[in-house]
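Report on the structure
This is what each chain is made of:
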Amino acid sequence: MNNSVLNRTKEDLRVTVKELSDTYEELSLLYRLTEEFSGLGVDEICRLLLKEVTSLLDAKTAVVLFLGEEGDHLYTKVCFGDWDRNTTFRCKDNFLWDALHKKRTITICNTNDTGREPSNFNCNSVLIAPLTGKRKTIGLVMVADKTSGDAFYSGDMKLLTAITSQAALFIENAMLGQEMQFFLTGTIRSFVKALEASSRWTAGHTERVTRYAIALGRLLGLTSQELEKLRIASLLHDMGKIATPKEILNKADKLSDDELFEVKRHPIVGAEILSELKGFTEIIEWIKYHHEHYDGTGIHGLKGEEIPMMARILAVADAFDALTSDRPYRKRKTLEEAVREIKNSTGSHFDPKVVEAFLEWVDSSDDVISSDPEVDF
Ligand SMILES: [Fe+2]
């Protein structure tokens with residue numbers, strides 16, 4: 001074999017090894033992202049996507065743009081770097097056409113040369129990749145300006161396309177999950193409203209307890225998935241009262257022992273009714289134990305950490321609303337009186353950690369007892 005042939009073979013081999021190495025790195029990256037995207041919500045996936053692309057592409061700015069409902073504009077969903085959150089684009093803007101309609105990653109240089117809108121979109125080097133799921137195009141990912149000042153090159157474009165394609169599938173799934181979640185909570189809300197209509201004393205109780213429980217859950221560091229489950233548990237926590245006679249729920253006098261027993265059964269009855277719902281095992285447990293006492297003196301005798309955390313949160317949220325609402329047999333307590341009662345029951349009835357979060361929430365919130373329970377959902 002002469003020298004020139006040998007050199008060519010060596011070069012071919014070097015290129016092949018480089019390509020194999022790049023492919024391996026890309027596959028490893030996609031595998032890692034698949035793991036990281038799993039189970040995240042839409043915003044979390046978008047944030048992680050931007051974190052990855054800005055780091056891998058050495059970019060100053062990155063933004064996820066979602067298609068608006070009418071499909072005629074793109075709005076900023078999540079952004080990183082120096083970007084105005086209110087920035088929107090019209091879908092008919094020429095420079096977006098290939099990315100949106102031909103589903104191709106495109107590159108642009110000097111956006112301010114061409115007078116494109118919006119006028120604050122001034123970058124030297126830009127990559128735009130479509131976020132295309134299995135069913136439809138969700139939006140675009142735009143990455144602007146390398147910190148080095150260089151222009152993006154073909155390797156950057158390839159990497160952005162690969163990451164964005166992967167992320168789009170997860171975003172689409174998360175959106176589908178979100179839609180199902182809205183449908184589920186909407187159905188539950190309608191059901192609960194029908195239940196509460198039977199007694200004016202309990203009207204709005206469920207929505208308020210849900211609002212309080214979510215506020216406490218956030219302060220206790222629950223994840224977005226845990227908060228969603230807590231929301232469903234809160235909406236359903238008093239479902240068992242459907243079996244409590246109306247005369248008892250509306251009774252203005254002190255309840256007899258038998259009547260009190262009927263009322264106290266509602267967590268058990270609720271758990272029984274809901275046991276038909278497959279996949280709600282945890283939530284049913286929380287509902288069943290939402291009136292347990294931290295010191296073990298409740299109906300089931302569970303103590304401390306034996307009581308599920310969500311049930312301990314529900315207990316405080318539920319008690320706070322009961323104390324600050326009128327009942328047929330007593331007037332509502334003031335905020336200060338209710339806080340004092342909850343404080344006095346720390347360690348006996350309530351988990352000290354949850355009460356600590358409750359006190360922090362009361363101190364930091366302007367509208368603790370909101371007249372509009374729908375706020376902040
Ligand atoms: Fe209850």
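Cut-off values and rules
- Residues numbered from 1 in each chain as written.
- Predicted model: local features only at pLDDT ≥ 70, side-chain atom pairs only at ≥ 80, totals over all residues.
- Helix = DSSP H or I, 4+ residues; strand = E, 2+ residues; numbered from the N terminus.
- Rg over C-alpha atoms; globule rule 2.2 N^0.38 Å.
- Buried ≥ 20, exposed ≤ 12 C-beta atoms within 10 Å, placed from the backbone.
- Contact = placed C-beta atoms within 7 Å.
- Domains from an automatic or database assignment.
- Pairing = 2+ DSSP bridges.
- Axes fitted to C-alpha atoms, helices over the stretch in contact; angles between N-to-C directions.

**Re the overall build of the protein**
Counting secondary structure elements, the protein contains 13 helices and 6 strands. Relative to the compact-globule value of 21 Å for 377 residues, the protein shows a C-alpha radius of gyration of 28 Å, a clear excess of over 25%. Principal axes of the C-alpha set define a box for the protein whose edges measure 105 × 50 × 35 Å. Among the 377 residues that make up the protein, the fraction classed as buried is 31%. Considering only contacts in the protein between residues 6 or more positions apart, those separated by 24 or more positions represent 59%.

**Description of the domain arrangement of the protein**
Examined at the domain level, the protein breaks down into domain 1 (39-175) and domain 2 (197-364). Each of domain 1 and domain 2 has a C-alpha centre, and these two points are 45 Å apart.

**Focus: the sheet that holds strand 4 (residues 106-109)**
Read from one edge of the open sheet, 6 strands run 3-2-1-6-5-4, paired in antiparallel fashion. The strands lining the two open edges of the sheet, one partner per strand, are strand 3 (88-90) and strand 4. Geometrically, the sheet is characterised by an average inter-axis angle of 25 degrees between neighbouring strands, direction not taken into account. Inspection of the sheet shows strand 1 (residues 59-67) paired to strand 2 (residues 73-80) by 6 bridges, in the antiparallel sense. Residue pairing in the sheet places leucine 67 in a bridge with leucine 74 of strand 2. Against the sheet, helix 3 (residues 94-101) makes contact with strand 3, strand 4, strand 5 (125-132) and strand 6 (137-146), and its axis sits at roughly 40 degrees relative to strand 5, the strand it touches most. Sitting on the sheet, helix 4 (residues 154-196) is in contact with strand 4, strand 5 and strand 6, with an inclination near 35 degrees to strand 5.

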